[in-house]
Each structure stands twice: as structure tokens, then as C-alpha cells.
Amino acid sequence: MSIKTKQYTIHEDWTVVILGFLIIGISLFIFLPEVPVFKWTNVTDLLSDVFDSENLQIIALQFIYLISIGVIGAFLIGKSVKNFLLGFPIVYILTIIALIIAGNATIKGFNLEAVIFSLIIGLAIGNFFKLPEWFRSALATEVFVKIGLVLLGTSVIFSDILKAGTLGLAQALVVVLSVWYFAFWLCKKLKVDDELTMMISSAVSICGVSAAIATSGAIKGDSKKLSYVISMVLVTAIPMMIFMPIIAKYFNFPEEVTGAWLGGSIDTSGAVVASGSLVGETALKISTIVKFSQNVLLGLAAFAISVYWTYTHNKSAEAIASKPTLGVIWERFPKFVIGFIAASLIFSFLLTSEIREEVKDSLKNLQGIWFALAFTSIGLETNFKDLLNNNSKKPLFAFLIAQLFNVIITLIIALLLFSN
């Protein structure tokens, strides 16, 4: 079935920067949304605190706030505003259910965050029910994740970026180069076709979905193959997101090492954030910075892949004459990283500590709800059947083996660079 696309008015990454700073501006100068209560121990607490009329009003007001931001985003990037208005309330309700479950004191004792339950609920619905195409097209997973990441910049002091970013960039260079070439070699050995080989190698080594999309664009890849690679990325990110923090805790890795390991190994930004949240604030910040360090390399990688593909798969004079320029680097560069850094600079140097403290809880709540909405959406759009196709075994094996290599080599480098 073909998927119709619209001409985007503004690039998605620039849109999330605009939306992120719109939220920040509203919080600083106009309106500071209250934080809903989701914490409860027993049924009495649930009824008196969570389902209290005043708290329900806060949740309803938050819904109006979020859907208003989302509508602006849908309009700017060319998505159907009507479909978004119809689909978002469903995603929001499912996400609130996840937040309520995660708010239980017993659940919190197991250090399980709302994003895990968002994902589980989404997967249960997405895999057992056939969702209409209009609803699936209304899901804005990448937008939700990236808005949350821009808002995360408000809690990251810029000196932390300089400190961890240098080490993160060093780690990213080693990991990206070694993992990419290992994945490329493995795919060739398993006779995976060239397009899948390029997309798998980039997805495993750089930054998952974004890298797969950028690589597909660079080589003009088949959309079905791209969807398959994205499915592998999303599905494998789930167990990695849950079990890697458990392994790190069992071996008593420092939070800095754990964050670097998570940020360098897990392929999706949202899963990195979720897994970092399970460990602690330091791990969350380091994992995000390390992931951003890899994201920075995306433009360079896409440029190199474009040149390689042009000269190895289309050697006509016309194709060579139109070979990629340095503009490809800027085109593929993840612009939302600029929003993250700008937010960090503003909150590090331009605002007083009193103002930061005043808006901190509200912005952290908004950051968390965008991440939770993203993982509900990921669950809804992920179908495990795509990985059970007999024709998909070799690429799947290649992806899994390369991912295991990625996990091991990244842990070794994280221990070398981030251990005190």
C-alpha cells in the first residue's frame, strides 16, 4: 500500500526547535503549567489524590496545552491537523493510564518508569488490533521525542556538555567507525542486499531510526526496506532499554559509565532517555550527551555514504557530475541538537538560579510527558510480525549480531573513558 506524503512547510527538526522554545517561552513569561499528581499507594490514595477533581482539571488543562502545541507542529510539518486532533486524545489517554500505573508506590519500588508502561500499552494495542491508516499517520513519535529532548536541555548545565561531550565525541568516533565496518562486513558475509547493508550498518552504529532514514535518503533506498530496518531498531531497543540498566546496576557501574554505555549502544534517542532515567539523573544527562555526540556525526556519515553510493552503484557521467556536496552534511545534520544546546546555554548563563528553580519542576514534567507520549506512539506503530517474515532472517541475524558487538565494544570504551 502506498503512503501519500505532503510537502513539508518546515523541516521536522526545525519544527521541534520552534515548539520546544515556544514551551520554554510560555513557561518563563506567560503560563507555568501545574504538575499533575500521579503518586498513590492504595485505592484510597488513587481516588482522593489522582482522581481528585482538582487534579483531573490539571490533567485536562495539560491535555489542552499539549494538543495545542501538537496542532501547531502538525501544521508546520505538513501533517493532517484533522487526523492529529482525532488521534492525539487516544494517545494522551493511554499515556495517562501508563503514568497512573507508574505512580503506584510498589511499582516505583522496582524503579520502573512511565515510559515502559507507555510502550507496553502501545505494543499490546498495536499488535493485537489493526489500527486504521489515518490513526497511524497521525502518530508523531519523532516529534514527541525531539520536543522532550529540547526541553531536556533546560536541565543540563553547559559545563557538563563540554566535559562529557569531549569524551562522548571520542567514544562516538571509535564506536561508529568500528561498529559500522563490522556490520558492513557481516552483512556482506551473510549476502544481505546492498541497500539493507547500508541502512543496517548506519542504524546500528550511529543513531538508529534517524541514521536509517538519512542513509535511505542518501542512497534513495526502498521504503519497505527502510520500514523493516526501523522495526528492528525499535523492537531491539525495548529489551536493551530495560535490561542494560539492570546489568549496570548488578555490576555496580558508575552512573557516568552506565550513561556512556547506554548512549553509545541503544539506537533510539527516546530509548536512551528512558533507560538513562531508570539509572539516575547523572546517567540520563551523560547518555543524552553521548547520543548527541553520535548524532553530530550523522551528517558526515550521510555525506560519505552518498559519495560512496554514487561512485559504486551509479557510475554514469550524469550521476558523477551530480555527486553530493558539503551541503549534504548540513541537510542531514539533526537540527534539534541545536535546540538542546541553545536551551542549555540559556539556562546555564542567561537565567538566575531562582528562575531556574521556579520553572524546573514544570519543565521536567512537560519533558517527561512528551517522552511518555512518544513511547506510547512507538508501541502503537511497532508490529512484531515484520520480524517474523522468513525472508527477513539474514538481515535480522546480521542486525542482532552487529548490535551485540556494538554493546560489547561500547562498554569497553565507556569503561576506559568514563571510569574515574
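Since the structure is predicted, the reported quantities are computational estimates derived from the model, not experimental observations. (Residues numbered from 1 in each chain as written. Predicted model: local features only at pLDDT ≥ 70, side-chain atom pairs only at ≥ 80, totals over all residues. Heavy atoms only, no water.)

1. Structural notes on the overall build of the chain
Quick note on the threshold: A run of H or I in DSSP becomes a helix once it reaches four residues, and a run of E becomes a strand once it reaches two; helices and strands are each numbered from the N terminus. Residue exposure (1.4 Å probe, protein chains only): buried if accessible area is under 20% of the type maximum, exposed if over 50%, otherwise partly exposed. The contact criterion used is simple: two residues touch if any of their non-hydrogen atoms lie within 4.5 Å. Every accessible area reported is derived by Shrake-Rupley at a probe size of 1.4 Å, with residue values counting cover from the shown protein chains alone.
Per the secondary structure count, the chain includes 20 helices and zero strands. The buried share among the 420 residues of the chain stands at 54%. Intrachain contacts of the chain at a sequence separation of at least 6 include 80% that bridge at least 24 residues. Counting only carbon and sulfur atoms, one obtains 67% of the accessible surface of the chain, whose full area is about 19,300 Å².

2. Quick word on the nonpolar core
Put simply, the test is: To form a nonpolar core, buried Ala, Val, Leu, Ile, Met, Phe, Trp, Tyr and Cys residues must be joined to one another through side-chain atoms within 4.5 Å.
Counting 112 residues, the largest nonpolar core has I23, L66, V229, W370 and L373 as the members making the most contacts within it. For this core, the element with the highest residue contribution is helix α12 (residues 223–250), accounting for 13 residues. In contact with I23, other than residues within four places in its own chain, are Y65, I69, I147, L151, L363, L366 and W370. Formed by seven residues, the second largest nonpolar core is a distinct cluster that contains A172, V176, C207 and A211.

3. Digging into the layout of surface pockets
Definition in use: Cavity means a closed set of points on a 1 Å grid over the protein atoms alone, one where a 1.4 Å probe fits but cannot get out, pocket means an open set with protein on both sides within 12 Å along at least 5 of 7 lines, and lining means a residue has an atom within 4 Å of a point. Grid points are joined across faces, edges and corners, and a volume is the space filled by probe spheres set on the points. The residue classification treats Ala, Val, Leu, Ile, Met, Phe, Trp, Tyr, Cys and Pro as nonpolar and Asp, Glu, Lys and Arg as charged. All others, Gly included, are polar.
As a volume, the second largest pocket reaches approximately 770 Å³. Surrounding the second largest pocket, 27 residues form its lining, L99, K108, E113, K364 and G368 being those nearest its centre. For the lining of the second largest pocket, the secondary-structure elements that each account for two or more residues are α4 (81–102), α6 (114–128), α14 (269–279), α15 (281–313) and α19 (353–381). Broken down by element, the lining of the second largest pocket gets its largest block of residues, eight residues, from α19. Taken together, the residues of the lining of the second largest pocket break down into 14 nonpolar, seven polar and six charged.

4. Quick notes on the packing of helix α3 (residues 53–77) against α4
In plain terms, the rule: The axes used here are C-alpha line fits, helices contributing only the stretch in contact, and every angle between their N-to-C directions lies in the interval 0 to 180 degrees. Each angle receives one of four descriptions, namely roughly parallel if under 35 degrees, roughly antiparallel if over 145, roughly perpendicular if within 65 to 115, and oblique otherwise. By convention the crossing between two helices is left-handed if the near helix lies anticlockwise of the far one by an angle smaller than a right angle, and right-handed if it lies clockwise.
As a packed pair, α3 and α4 sit with axes 10 Å apart at the nearest point and diverge in direction by 140 degrees. In terms of orientation, α3 and α4 fall into the oblique class. Between α3 and α4 lies a crossing of right-handed hand. Residue-level contacts link I59, Q62, F63, L66, I67, G70, V71, A74 and F75 of α3 to V81, F84, L85, F88, P89, Y92 and I96 of α4. When grouped by side-chain class, the residues that make up the contact of α3 with α4 number 14 nonpolar, two polar and no charged.

5. Considerations on empty space enclosed by the protein
This model, assessed by the stated rule, comprises three cavities of 30 Å³ or more. What lines the largest cavity is a set of 13 residues, among which G70, A74, F84, A140 and V143 lie closest to the centre. Put simply, the parts of the chain that give the lining of the largest cavity at least two residues each are α3 and α8 (141–152). Broken down by element, the lining of the largest cavity gets its largest block of residues, five residues, from α3. Here the residues of the lining of the largest cavity sort into ten nonpolar, two polar and one charged.

6. Digging into α19
Where we set the bar: By this rule, a helix spans an expected 1.5 Å times one less than how many residues it contains. Values of bend correspond, residue by residue, to the angle between axes fitted over the seven residues ending at that residue and the seven starting there.
Compared with an ideal rise of 1.5 Å per residue, which puts 29 residues at 42 Å, α19 spans 41 Å between its outermost C-alpha atoms and is within 8% of the ideal. Roughly 45 degrees is the biggest bend found in α19, and it falls at K360.

7. Examining unusual backbone geometry
Positive phi, normally seen in glycine, also occurs at K191, with a value near 60 degrees. Here K191 lies in the loop between α9 (158–189) and α10 (194–207). Even without a glycine there, the phi angle at N252 is positive, about 55 degrees. Secondary-structure assignment places N252 in the loop between α12 and α13 (255–265).

8. Structural notes on helix α18 (residues 336–350)
Note the threshold: By definition, the arc is the one covered by directions from the helix axis to the C-beta atoms.
For α18, which comprises 15 residues, the first-to-last C-alpha distance of 20 Å matches the rise-based estimate of 21 Å (1.5 Å per residue) to within 8%. Residues of α18 that are buried: F336, V337, G339, F340, A343, S344, F347 and S348. Buried residues of α18, viewed axially, fall in a sector of 165 degrees; they line one side. When the buried face of α18 is taken as reference, the exposed residues oriented beyond 90 degrees from it are F349 and L350.

9. A closer look at the pattern of salt bridges
Rules: Basic side-chain nitrogens of Lys or Arg form a salt bridge, by our definition, when they fall within 4 Å of a carboxyl oxygen of Asp or Glu.
Overall, the coordinates contain five salt bridges when judged by the stated rule. Ionic pairing is found between E12 and K146, a salt bridge with its closest N-O pair at 3.2 Å. One end of the pair, E12, is in helix α1 (residues 12–30); the other, K146, is in helix α8, and 134 residues separate them in sequence. When sorted by exposure, E12 lands in the same class as K146, which is buried. In this structure, D194 engages K188 in a salt bridge whose closest nitrogen and oxygen atoms are separated by 2.8 Å.

10. Some points on the confidence of the model for the chain
Definition in use: pLDDT is defined as a per-residue confidence score from the predictor, taking values between 0 and 100.
Looking at the chain as a whole, its pLDDT mean stands at 83, while 85% of the residues score no less than 70. Residue range residues 1–8 is modelled with pLDDT below 50. Its contacts to residues more than four positions away, or to other chains, number six contacts.

11. Some points on the packing of α1 against α3
Packing of α1 against α3 leaves a shortest axis separation of 10 Å and a crossing angle of 150 degrees. What the angle tells us is that α1 and α3 run roughly antiparallel. Note on packing geometry: the crossing formed by α1 with α3 is right-handed. On the side of α1, the interface is formed by E12, T15, I18, L19, L22, I23, I26 and S27, while α3 contributes Y65, I69, I72, G73, L76 and I77. Here the residues of the contact of α1 with α3 are counted per class, giving ten nonpolar, three polar and one charged.

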